[in-house]
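For reference, the chains in residue letters:
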Amino acid sequence: MAVGVFDLFSVGIGPSSSHTVGPMRAASVFARELVQRGILDSVAGLRVDLYGSLAATGRGHGTMTAVLLGLEGFEPELILPDEVESRLAAIADSGELHLASQVDGVPAAQAAQAAEGAPVVEPAPTADGMPGRKVSYGVDDIVLRPLTILPRHTNGVSFQVTDDDGNILHSATFFSVGGGFIVREGEEDAAADELDASKAEQPLPFRTAVELLRHCNDRGISVGDVMRTNELVERSEEEIRSGLLHIRDVMESCVETSLKRTDVLPGGLKVRRRAPNWHQRLLAEDPDNDPKFWQEWVNLVALAVNEENASGGRVVTAPTNGAAGIIPAVLHYATRYTAGMDKATQEERDDVAVRFLLTAGAIGVLYKEQASISGAEVGCQGEVGSASSMAAGALAEIMDGTPEQIANAAEIAMEHNLGLTCDPIGGLVQIPCIERNAIASAKAINAARMALWGDGTHHVSLDEVIITMRETGKDMSSKYKETAEGGLAVNVVEC
């Protein structure tokens, strides 16, 4: 399907959309296929190989544990943090995996019976009370191949199951291409054809900013309205609104959850959480929501989201997990510090949130179509840079910018994130990732303000800066693209 706003903004778990959400999604697809093919009960052996960046930084990004959960059938949109902790503890203690114990959120046996039209009955549990095919497998059984880069993408993962005689029952290879998106090996052309076909069904298809602005000017509508018009092909107006408000609510819930945690972040760096203390200080110093504190609140939201992401909590990919704090932080600004928001009703704030996310989504489509949002492919410019650009354009729309000013805001934000490397210390999405989200949020706000002081014309167009980002990513050394082989990852002692 054509990339939509609910592809760019989806609920998942931290700390990485490409290294956690994508691999879990791929593993859950593979597990579902075992049920659909009727071969689950014949499985005796399992092999998982991680390639390239997934292998190089997998431990710090929770890739291996995400794969195990996916193989049990859990999906990033549905699994809750408590389930993550309980299942991983059980797997570690027993050394056993319950392959395909769930499919689409229900026990595998029920899913298979429902697919065949048979009456649904409770599945027979294994000895420990869990459904699914029990196999001896754990984190240490996953094969890591960091120096092997598969042709399609540096984030590769392959799965294989065998029977008692060692015969291969099923195998598949997937690529996690950023933002939680996955592509199956051998189906790239078919996926591209499906994408083109789905675009043909859209009333206002666009791949470039030039095409997007042409729709705006031909119809006299905003950037967000173009995105809304295309979304109406798949969903009703109410479904779009309720879906986007749910995304907004999960973002806000993420902040609230983060502010209740006071321990250090997991992973060995012993990074202390700052958001809870900062929140208490802000409540004391800004009891009346004084606009002069806007940047402190924006920083707080960005830090809180990314601290929660770093701990493996529930977040919204926006458009990735590593950049998950920028859209919520700038949205916080849009719904509290733009004109009239000090006296706005909740419904008016909801309206702003919907417009903001639709516009951000439209700009995100441009990056997904013309370049990449994968840190392993183009560096952090593709994650934090894209999110900052999306947020800047969305804020410009909320501040009544013209389509040209919106594109200019998005361009300014990306122009000043070009060349940003992805080199987290210890392979953990903590340093410099957490602070980087706060800095990029402020950049987005400044970019929107600068664009609104102009008339939308600029020497560098949005399309030109997106292509430049893509080419910069191609030229960037692999050691600066989420491999933990360069930059801060090697020049700073981990502990």
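In this convention, every chain numbers its residues from 1, walking through the sequence in written order. Given that the model is predicted, a residue must reach a pLDDT of at least 70 before its local features are reported, and side-chain atom pairs must reach 80 or more before they are shown or counted; all residues, however, enter totals for whole chains, interfaces and linings. Values shown for side chains rest on all heavy atoms present in the structure; no hydrogens or waters enter the calculation.

Draft legend 1. Fine view of the packing of aromatic side chains. The pairing test for Phe, Tyr and Trp rings, Trp by its six-membered ring, is centres within 6.5 Å, and the orientation test on the planes gives stacked under 30 degrees, edge-to-face over 60, and tilted for anything in between. One pass over the structure, following the stated rule, counts four aromatic pairs. Between Phe30 and Phe159, the ring centres sit 5.2 Å apart and the planes meet at 20°, which makes this aromatic pair stacked. In this pair, Phe30 is assigned in helix H2 (residues 17–36) and Phe159 in strand S8 (residues 155–162), connecting sequence segments 129 residues apart. Where Tyr333 meets Tyr337, the ring centres are 5.7 Å apart and the plane angle is 35°; that geometry is what we call tilted. Each member of the pair, Tyr333 as well as Tyr337, is classed as buried. One aromatic cluster in this structure is built from Phe30, Phe159 and Phe174. For a Lys NZ or an Arg CZ to count as sitting over a ring, it must be within 6 Å of the ring centre and within 35 degrees of the ring normal. Taking NZ or CZ as reference, Lys368 lies 4.0 Å from the ring centre of Phe181, over its face. Working definition: helices are DSSP H or I runs of at least four residues, strands are E runs of at least two. Numbering for both runs from the N terminus. Per-residue accessibility, obtained with a 1.4 Å probe over protein chains only, is compared with the maximum for each type, and a residue is labelled buried under 20%, exposed over 50%, and partly exposed between these values.

Draft legend 2. Focus on the state of the cysteines. Two cysteine sulfurs form a disulfide in these notes if their separation is within 2.5 Å. By the definition in use, this model includes zero disulfides. In this structure Cys380 is a free cysteine whose sulfur lies 5.5 Å from that of Cys422, the closest cysteine sulfur available.

Draft legend 3. Layout of unusual backbone geometry. In this structure, the amide linkage connecting Ala318 to the following residue, Pro319, adopts the cis form with an omega of -5°. Along the polypeptide, Pro319 turns up in the loop between strand S11 (314–317) and helix H14 (326–336). Following Ile431, the chain continues to Pro432 via a peptide bond in cis, the omega torsion being 5°. Tracing the backbone shows Pro432 in the loop between helix H18 (403–415) and helix H19 (433–452). The phi dihedral of Ala100 is positive, around 55°, even though this residue is not glycine. Among the secondary structure elements, Ala100 is positioned in the loop between strand S3 (96–99) and strand S4 (102–103). Residue Ala100 is classed as buried on the basis of its relative accessible area, which comes to 0%. With phi around 55°, Lys270 is a residue other than glycine that occupies positive phi space. Position of Lys270 among the secondary structure elements: in the loop between helix H11 (237–259) and helix H12 (275–285).

Draft legend 4. Spotlight on the nonpolar core. For the purposes of this section, nonpolar cores are sets of buried Ala, Val, Leu, Ile, Met, Phe, Trp, Tyr and Cys residues that join through side-chain atoms within 4.5 Å. Ranked by internal contacts, the top residues of the largest apolar core, which has 109 residues, are Phe9, Ile327, Phe356, Tyr367 and Leu462. Of the residues forming this core, the biggest block, 12 residues, is contributed by helix H15 (residues 346–370). The contact criterion used is simple: two residues touch if any of their non-hydrogen atoms lie within 4.5 Å. If near-sequence neighbours (up to four positions away) are discounted, Leu462 is found in contact with Ala209, Leu366, Tyr367, Ser389, Ala407, Ala410 and Glu411. Core analysis: the next-biggest nonpolar cluster, separate from the first, contains 31 residues, Val29, Leu46, Leu68 and Tyr137 among them.

Draft legend 5. Empty space enclosed by the protein, seen in detail. Think of a 1 Å grid over the protein atoms and nothing else: a 1.4 Å probe that fits but is trapped marks a cavity, an open set flanked by protein within 12 Å on at least five of seven lines marks a pocket, and residues with an atom within 4 Å of a point count as lining. Grid points are joined across faces, edges and corners, and a volume is the space filled by probe spheres set on the points. One pass over the structure, following the stated rule, counts two cavities of 30 Å³ or more. The space that makes up the largest cavity amounts to roughly 140 Å³. It is H19 that contributes the most residues to the lining of the largest cavity, three residues altogether. Approximately 40 Å³ is the volume attributed to the second largest cavity.

Draft legend 6. Region of the structure containing the layout of surface pockets. Of the voids in this model, the second largest pocket is the one considered here, and its volume is about 570 Å³. Along the walls of the second largest pocket sit 30 residues, with Pro15, Pro266, Ala310, Ser311 and Gly312 positioned nearest its centre. Secondary structure elements with two or more residues in the lining of the second largest pocket: H2, helix H4 (58–61), helix H5 (63–71) and helix H6 (81–94). Grouping the amino acids of the lining of the second largest pocket by side-chain chemistry returns 13 nonpolar, 12 polar and five charged. Side-chain classes follow a simple rule in which Ala, Val, Leu, Ile, Met, Phe, Trp, Tyr, Cys and Pro form the nonpolar group, Asp, Glu, Lys and Arg form the charged group, and the remainder, Gly included, forms the polar group.

Draft legend 7. Quick look at the pattern of salt bridges. Salt bridges are counted wherever a side-chain nitrogen of Lys or Arg sits within 4 Å of a carboxyl oxygen of Asp or Glu. For the structure shown, the criterion picks out 21 salt bridges. One salt bridge connects Glu96 with Lys134, and the closest N-O pair in it is separated by 3.8 Å. Of this pair, Glu96 sits in strand S3 while Lys134 sits in strand S6 (residues 133–136); the two residues are 38 residues apart in sequence, bridging distant segments of the chain. Judged by its relative accessible area of 23%, Glu96 is partly exposed. Notably, a salt bridge pairs Glu285 with Arg281, separated by 2.8 Å at the nearest N-O pair. Pair noted here: Glu285 and Arg281 are both in helix H12, with a separation of four residues, about one helical turn. Among the charged side chains, a network of salt bridges with common partners joins Glu33, Arg184 and Glu187.

Draft legend 8. Just the pairing of S8, in detail. Of all eight residues making up S8, seven are buried, and the element is well covered by its neighbours. Here seven bridges tie strand S2 (residues 45–51) to S8, and the two strands are oriented antiparallel to one another. Residue pairing for S8: Asp49 is matched across the bridge by Ser158. For two strands to count as paired, DSSP must find a minimum of two bridges between them. Taken together, the seven bridges between S8 and strand S9 (residues 168–178) define a ladder with antiparallel strand orientation.

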